[in-house]
Amino acid sequence: MNESAQTPDRTSEDRTWWKEAVVYQIYPKSFNDSDGDGVGDIQGIIDRVDHLDDLGIDVVWLSPVYASPHADNGYDISDYRAIDDRFGDMSDWERLRDELHARDIKVVMDLVVNHTSDEHEWFEKSRRREDGYEDYYYWRDPAEDGGPPNNWESFFGGQTWSWDEERQQYYLHLFDEKQPDLNWENPQVREDVYEMMNWWLEKGVDGFRMDVINLISKTRGLPDGEEGDWQTGVEHFMNGPRIHEFLQEMYDEVLAGRDVMTVGEMPGVDIEEAKQYTGADGDGLGMIFTFEHMNLDHDGGRWDLHEDYEAWDLRDLKEFVGRWQRGLAEEGWNSNYLGNHDQPRIVSRFGDDGQYRVESAKLLGTFLLTLSGTPYVYQGDEIGMTNVDWQHLGEVVDVDTINHVELLMAEHDIDDYQELRGFVNARSRDNARTPVQWDDSDSAGFTDGKPWLKVNDNYTEINVAADRTADDSVFEYYRDLVDLRNERDVFVYGEFEMFLPDHEHVFAFTQSLDDERVLVVLNFSDEPRTVDLGESDGRLLVSNYDDPATDLPTLTLAPFEATVFEV
Ligand code: TEU
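Residues numbered from 1 in each chain as written. Predicted model: local features only at pLDDT ≥ 70, side-chain atom pairs only at ≥ 80, totals over all residues. Heavy atoms only, no water.

K.L.:
Got a sec to walk through the packing of helix α6 (residues 187-202) against helix α8 (residues 243-255)? Specific residues and values, please.
P.N.:
Packing of α6 against α8 brings their axes to within 10 Å, and their N-to-C directions diverge by 45 degrees. Relative to α8, the element α6 lies oblique. Every pair of crossing elements has a handedness; the one defined by α6 and α8 is right-handed. Touching R190, Y194, M197, N198 and L201 of α6 are F246, E249, M250, E253 and V254, all from α8. The residue inventory of the contact of α6 with α8, partitioned by class, reads 6 nonpolar, 1 polar and 3 charged. (Axes fitted to C-alpha atoms, helices over the stretch in contact; angles between N-to-C directions. Helix = DSSP H or I, 4+ residues; strand = E, 2+ residues; numbered from the N terminus. Parallel < 35°, antiparallel > 145°, perpendicular 65-115°, else oblique. Left-handed = near helix turned anticlockwise from the far one by under 90°. Contact = heavy atoms within 4.5 Å. Nonpolar A, V, L, I, M, F, W, Y, C, P; charged D, E, K, R; others polar.)

Next up, the structure:
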């Protein structure tokens, strides 16, 4: 049993800073450009550190800033110990670390070690079969028919094997062909990763967000997968046979005895598995990102043309939240998120990005910041940024979107992108990656140059400067919620109880801790809704309306009204 992995419980000795923290995710390429090359950079972040400090967040999770050819915007790393030129250099990173630390904000780095870039020197040595590097990746001869060694399907669509001319073998990549999977069976690979992690910890990072970390162990022999609804092969690479052994080793070699935050990104994990990763007898991770709720409006994995992205059912979200809030109440720890750089904008997906944009952005903030667990706010959500209209495929940069669109066009004999436009608008990861809208000047104040990805047309209306001065500011509302959360442990460590589980439009729950109890009521629809909550007394703590419904026990909530009471 890992000593400092004894996280759970709501008792005081289990308190830790990362449970009480509000995390803010920065996607550096899109955050703020200081030098006019159209790409966000570290100096750009430094220039905006006060925005983060004002919001009151405690941790910045920095998506990858390492050297990378950017086939996947930095999730394809060619040197783990160097900062990409686009973003600056190591001294810029050190200054950012210091600026954040000076404001009591921790910095968590993205750890991408399921794969590297094919331009990493390990891969270059491996493809040349250099001594000691032959088995750093998964190399295989062709199958008997000359084709790929197995039938596994990539997260980005298509096959997971590419032919390497130099080595005359196939290599495995669960993502893009420029992201070869590291062979974790090789102890030397593991040692190199741990050494690199220790190196960053010595440099003062406060933790890691671990990219697809439950994919690092593959079934020995790499057998064919069963074909089904999800990507073919998942049973051989998600939560694989040696995953717990590898993570426990990482714990022993790197994390043990250090007061760091860890969060493992883990597609395809249920509560029982989450406990194995994060529980008292678990592998020593602090928390994980589950994907269950990211699949409420589609099946996950493949892109399926028949899906209706508008249609998701609040009762499914409730079922998911209730199960995870209760499931990890005694053991493990929840991380709460609705969006990130891989998902559409939350207000477009779960709220209303038209008439009720401001109200629904606040409602979603209320939801995130009142659940037990650690909340993650993605850049731009604090001002209610929205999805984008992708008019031509040429506007899209995301490798995942482009691959899936091309596959769909080929599979369904479609030759006009316009037939897929609605689909891309709803689903593309680039929705979350458009530049942060700082003000109403050219390119939303993001850059003096030409932005690497188009700016959302609505920037003249939706931007940080306008929002922060507006009477109904989303930013101020988030800030107040962050303050409230800091003041009251009940929002962090409370015990969750669901109300009205079958109601189609209103999400209501209480959190209780010792003699404190709070009631959260959220109308997820664009029409007024009346509910009886059976609670007769309550003092209003928060509302996203000027004239909130307060007449407990029966409340008539305005569209997307959110209220929090002390009861
Ligand atoms: O994402 C992994 C992941 O499983 C998905 O969110 C993925 O982007 C989606 O299924 C594609 O359809 C992580 C990173 O967050 C993502 O940005 C990277 O592209 C990916 O790993 C590879 O490193």
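K.L.:
Tell me about the sheet that holds strand β8 (residues 169-172), residues and numbers included.
P.N.:
Each strand in a sheet pairs with its neighbour through backbone hydrogen bonds, running either in the same direction (parallel) or in the opposite one (antiparallel). Judged by pairing direction, the sheet is antiparallel, and its 3 strands sit side by side in the order β6-β8-β7 without closing on themselves. Both edges of this open sheet fall to β6 (139-140) and β7 (161-164), since each of them pairs with a single strand only. Sheet topology note: the β6/β8 ladder contains 2 bridges and is antiparallel. When the sheet's bridge partners are listed, R140 is paired in β8 with Y170. (Pairing = 2+ DSSP bridges.)

K.L.:
Explain the site of the ligand to me, using residue names and the numbers behind them.
P.N.:
Neighbouring the ligand are 18 residues, the closest being D72, H115, D211, D342 and R429. In the model, an oxygen atom of the ligand is placed 2.4 Å from a nitrogen or oxygen of the D72 side chain. In the model, an oxygen atom of the ligand is placed 2.5 Å from a nitrogen or oxygen of the D342 side chain. Protein chains bury 93% of the 500 Å² of accessible surface belonging to the ligand in isolation. Its residues assigned to classes, the shell around the ligand comprises 7 nonpolar, 3 polar and 8 charged. (Near = heavy atom within 4 Å. Polar contact = N/O pair within 3.5 Å; in protein donor to acceptor, adjacent residues only side chain to side chain. Areas by Shrake-Rupley, 256 points an atom, 1.4 Å probe, with all protein chains shown as cover.)

K.L.:
How would you sum up the pairing of strand β2 (residues 59-62)? Please name residues and give values.
P.N.:
Residue alternation in β2 divides its side chains into two sets, V59 and W61 and V60 and L62, and both sets are buried. Summarising the sheet, strand β1 (residues 23-26) and β2 pair through 4 bridges and their orientation is parallel. Paired with V23 across the bridge in β2 is V59. Relative to strand β5 (residues 106-111), β2 runs parallel, the two sharing 4 bridges. What sits directly across from V60, in β5, is V107. (Buried < 20%, exposed > 50% of the residue type's maximum accessible area, 1.4 Å probe, protein only.)

K.L.:
So what's going on with the pattern of salt bridges? Which residues, and what values?
P.N.:
In the structure shown here, the tally under the stated rule is 44 salt bridges. As a salt-bridge pair, R349 and D297 come within 2.9 Å of each other at their nearest N and O atoms. Within this pair, whereas R349 is found in helix α11 (residues 346-349), its partner D297 is found in the loop between β11 (287-289) and α10 (314-327), the two being separated by 52 residues in sequence. Here R349 falls in the buried class, since its relative accessible area comes to 9%. Given the relative accessible area of 8%, D297 is considered buried. (Salt bridge = Lys/Arg side-chain N within 4 Å of Asp/Glu carboxyl O.)

K.L.:
Pulling in residues and values, what's your account of the side chain of N150?
P.N.:
By secondary structure assignment, the location of N150 is in the loop between β6 and β7. In terms of polar contacts, N150 uses its side chain to reach the side chain of W161, at 2.7 Å. For N150, the side chain forms a polar contact with the main-chain oxygen of L222, separated by 3.1 Å. With residues up to four places along the chain from it excluded, the contact list for N150 reads T160, W161, L222, P223 and D224.

K.L.:
Give a description of the pairing of strand β15 (residues 506-513) that names residues and reports values.
P.N.:
Of all the 8 residues making up β15, 7 are buried; the element is thus mostly covered by neighbouring parts of the structure. Here strand β14 (residues 495-499) runs beside β15; their pairing, made up of 5 bridges, is antiparallel. Note on β15: the bridge partner recorded for F499 is A508. Joining the antiparallel neighbours β14 and β15 is a turn of 6 residues, in which L500 adopts a positive phi near 45 degrees. By the bridge criterion, 8 bridges tie β15 to strand β16 (residues 516-523) in an arrangement that is antiparallel. The partner of V506 across the bridge, within β16, is N523.

K.L.:
A description of unusual backbone geometry should follow, citing residues and the corresponding values.
P.N.:
Between L552 and the following residue, P553, the backbone shows a cis peptide bond with an omega angle of 10 degrees. Non-glycine residue V212 carries a positive phi angle of around 30 degrees. Tracing the sequence through the fold places V212 in the loop between β9 (207-210) and α7 (234-237). In this structure V212 comes out as buried when scored by relative accessible area, which is 4%. The backbone of F560 sits at a positive phi, close to 55 degrees, despite the residue not being glycine. Among the structural elements, F560 can be located in the loop between β19 (554-557) and β20 (562-566).

K.L.:
Give a description of the nonpolar core that names residues and reports values.
P.N.:
Grouped together as the largest cluster of nonpolar side chains are 150 residues, with contacts concentrated most on W93, M109, M197, W200, M250 and F507. Sequence-distant contacts of M250, defined by excluding residues within four places in its chain, comprise L111, W184, Y194, M197, M210, I213 and L255. One finds V212, L215, L222 and F237 within the second-largest nonpolar core, a separate group that totals 16 residues. (Core = buried A, V, L, I, M, F, W, Y, C linked by side-chain atoms within 4.5 Å.)

K.L.:
Account for the sheet that holds β9, with residues named and values stated.
P.N.:
Strands sit in the order β11-β10-β9-β5-β2-β1-β13-β12 across an open sheet of 8 strands; the sheet is parallel. At either end of the open sheet lies a strand with only one pairing partner, and these are β11 and β12 (335-336). As defined by bridge partners, strand β10 (residues 261-265) adjoins β11 across 3 bridges and the pair is classed as parallel. Of the residues in β11, the one forming a bridge with E265 is F289. The strands touched by α6 within the sheet are β5 and β9, with β9 carrying the most contacts at an inclination of about 135 degrees.

K.L.:
Can you break down the packing of helix α12 (residues 357-370) against helix α16 (residues 474-487) residue by residue, with the values?
P.N.:
Relative to each other, α12 and α16 sit at 15 degrees, their axes nearing to 10 Å. Looking at the two axes, α12 sits roughly parallel to α16. For the element pair α12 and α16, the recorded crossing hand is right-handed. On α16, the residues that touch V358, A361, K362, G365, T366, L368, L369 and T370 of α12 are V474, Y477, Y478, L481, V482 and R485.

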